[in-house]
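# Coordinate analysis (summary)
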Amino acid sequence: MKRLENKVAIITGAASGMGKATAKLFASEGAKVIAADINIDGAKEVVKEINDAGFTAIAQPVDIGSAQQIEEMVLAAKEHFGRLDILHNNAARLNFSGDVDVMNMDIDEWTETLRYNLTSVMLGTKFAIPLMLENGGGSIINTASIAGIHPELSKSAYSVAKAGVISLTKSTAIQFGKQGIRANAIAPGMVLEPEIVENGHESLKQYAQIFEETKATPRIGIPLDIAQLALYLASDESSFITGQVISADGGMTVGNPTISAIKKAGIGW
Ligand SMILES: NC(=O)c1ccc[n+]([C@@H]2O[C@H](COP(=O)([O-])OP(=O)(O)OC[C@H]3O[C@@H](n4cnc5c(N)ncnc54)[C@H](O)[C@@H]3O)[C@@H](O)[C@H]2O)c1
């Protein structure tokens with residue numbers, strides 16, 4: 001028996017990165033997948049890959065800035081597959097150009113970042129719960145970030161939104177746990193497709209190298225690292241786990257960047 005046999009899963013942001021890896025992994029483990037994304041052509045390509053491999057998925061257009069479109073996305077699960085067991089709120093707005101320190105924060109940037117990265121997660125959860133309850137519950141997996149645990153010198157709005165995602169996850173877990181709904185958050189560290197780094201600009205390579213040096217494992221994360229954790233949280237193997245935030249960051253948040261920098265400078269003791 002596959003790990004998600006007979007389950008129906010919605011994954012937002014399924015056209016690329018972690019969402020794409022998760023959509024493919026969930027489908028290969030037996031789930032019927034709704035691959036939702038604002039990039040509908042990208043979502044359709046992922047769905048084609050899944051279907052060509054003999055598994056089940058459909059593409060669903062969604063802009064997570066729109067409550068109406070999020071509700072339509074959730075209803076698509078009922079319409080096409082009759083139920084909903086798993087919601088993976090993974091999509092986010094990842095434009096950080098105006099998301100700076102608090103003193104210089106642009107109010108529109110702040111509002112939009114919270115709308116796309118936090119309100120969207122609340123709306124997905126709000127619309128999914130009644131449908132999950134029709135069949136005795138489900139698993140909600142929200143993508144936070146280590147930035148929601150350890151804020152950065154910049155990206156104030158993103159960090160607050162992701163901290164909010166963690167808090168919302170805990171609220172959902174305690175409010176609907178008795179009715180069979182679990183909610184957990186994943187906090188990824190630096191995650192990039194290796195080929196994007198290899199083919200990328202020199203500054204991206206340097207960026208990736210800095211992250212390699214400031215954590216415990218020998219490499220930065222790949223989308224499959226996150227997809228495998230999402231699979232565990234989606235499956236019944238994690239049925240006693242709810243309200244948790246699990247970092248998948250190669251030990252970045254327990255590492256010591258200062259010591260890394262000292263070693264690099266060749267200063268011993
Ligand atoms: N990559 C990292 O290092 C990292 C680290 C920490 C947290 N995260 C979080 O992981 C999640 C996935 O990130 P990723 O790196 O895979 O990103 P990605 O850019 O590879 O994929 C994001 C997907 O979301 C879609 N999307 C963007 N705006 C949307 C909208 N308004 N409506 C619907 N879909 C939309 C995009 O089209 C894209 O397919 C995000 O929540 C991000 O905040 C990423």
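Residues numbered from 1 in each chain as written. Predicted model: local features only at pLDDT ≥ 70, side-chain atom pairs only at ≥ 80, totals over all residues. Heavy atoms only, no water.

### Structural notes on the overall build of the protein chain
Of the regular secondary structure elements, the protein chain holds nine helices and seven strands. A globule of 269 residues ought to have a C-alpha radius of gyration of about 18 Å, and the protein chain, at 19 Å, matches this closely. Over its C-alpha atoms, taken along the principal directions, the protein chain stretches across nearly 60 × 40 × 35 Å. Total accessible area computed for the protein chain in this model is approximately 13200 Å², and 56% of it derives from carbon and sulfur atoms. (Helix = DSSP H or I, 4+ residues; strand = E, 2+ residues; numbered from the N terminus. Rg over C-alpha atoms; globule rule 2.2 N^0.38 Å. Areas by Shrake-Rupley, 256 points an atom, 1.4 Å probe, with all protein chains shown as cover.)

### So, helix H8 (residues 223-234)
Under the 1.5 Å per step criterion, the end-to-end length of H8 is 16 Å for 12 residues, consistent within 8% with the ideal 16 Å. All buried positions along H8 are accounted for by Pro223, Ile226, Ala227, Leu229, Ala230, Leu231, Leu233 and Ala234. Its buried side turned inward, H8 meets helix H1 (17-28), strand S4 (86-89), strand S5 (138-143), strand S6 (181-188) and strand S7 (245-248). (Expected span 1.5 Å × (residues − 1). Buried < 20%, exposed > 50% of the residue type's maximum accessible area, 1.4 Å probe, protein only. Contact = heavy atoms within 4.5 Å.)

### Re the site of the ligand
Around the ligand lies a shell of 25 residues, among which Met18, Asp37, Asn90, Tyr158 and Val191 are the nearest. A distance of 2.9 Å separates an oxygen atom of the ligand from a polar atom in the backbone of Val191. In the complex, the protein chains occlude 82% of the 840 Å² of accessible area that the ligand would expose alone. Residue assignment for the shell around the ligand shows that the elements contributing at least two residues are H1 and helix H5 (156-176). Here the residues of the shell around the ligand sort into 14 nonpolar, eight polar and three charged. (Near = heavy atom within 4 Å. Polar contact = N/O pair within 3.5 Å; in protein donor to acceptor, adjacent residues only side chain to side chain. Nonpolar A, V, L, I, M, F, W, Y, C, P; charged D, E, K, R; others polar.)

### With respect to the side chain of Asn117
Within the element layout of this structure, Asn117 appears in helix H4 (residues 107-133). Classification of Asn117 by relative accessible area gives buried; the value is 2%. Side-chain polar atoms of Asn117 contact the backbone nitrogen of Arg93, separated by 2.6 Å. Setting aside anything within four residues of it in sequence, one finds Asn117 in contact with Ala92, Arg93, Tyr158, Ala161 and Val165.

### Topic: the environment of Pro188
You can see Pro188 is positioned in strand S6. The exposure class of Pro188 is buried, given its relative accessible area of 5%. It is 32 Å that separates the C-alpha atoms of Pro188 and Glu79, two residues lying 109 residues apart in sequence. If sequence neighbours within four positions are ignored, Pro188 has contacts with Met18, Thr143, Ala144, Ser145, Ile146, Ile226 and Ala248.

### Some remarks on the sheet that holds strand S1 (residues 8-12)
What links the strands of a sheet is backbone hydrogen bonding, and the strands pair in either a parallel or an antiparallel sense. What the seven strands build is an open sheet, ordered S3-S2-S1-S4-S5-S6-S7; its pairing is parallel. Strand pairing shows two members of the sheet lacking a second neighbour, strand S3 (57-61) and S7, which therefore form its edges. Here the strands of the sheet are splayed against their neighbours by 20° on average, with no regard to which way each runs. Bridging between strand S2 (residues 32-37) and S3 involves five bridges; their strand directions are parallel. (Pairing = 2+ DSSP bridges. Axes fitted to C-alpha atoms, helices over the stretch in contact; angles between N-to-C directions.)

### Some details on the packing of aromatic side chains
One pass over the full model with this rule turns up two aromatic pairs. Residues Tyr207 and Phe211 carry aromatic rings whose centres are separated by 5.1 Å and whose planes lie at 70° to one another, so their mutual orientation is edge-to-face. Here the residue Tyr207 and the residue Phe211 both occupy positions in helix H7 (residues 202-213), the gap between them amounting to four residues, near one helical turn. The buried category is assigned to Phe211, whose relative accessible area is 17%. Taking the ring centre of Phe96 as reference, the NZ or CZ of Lys155 above it sits at 4.5 Å. (Phe/Tyr/Trp six-rings, centres within 6.5 Å; stacked < 30°, edge-to-face > 60°. Lys NZ or Arg CZ within 6 Å of the ring centre and 35° of its normal.)

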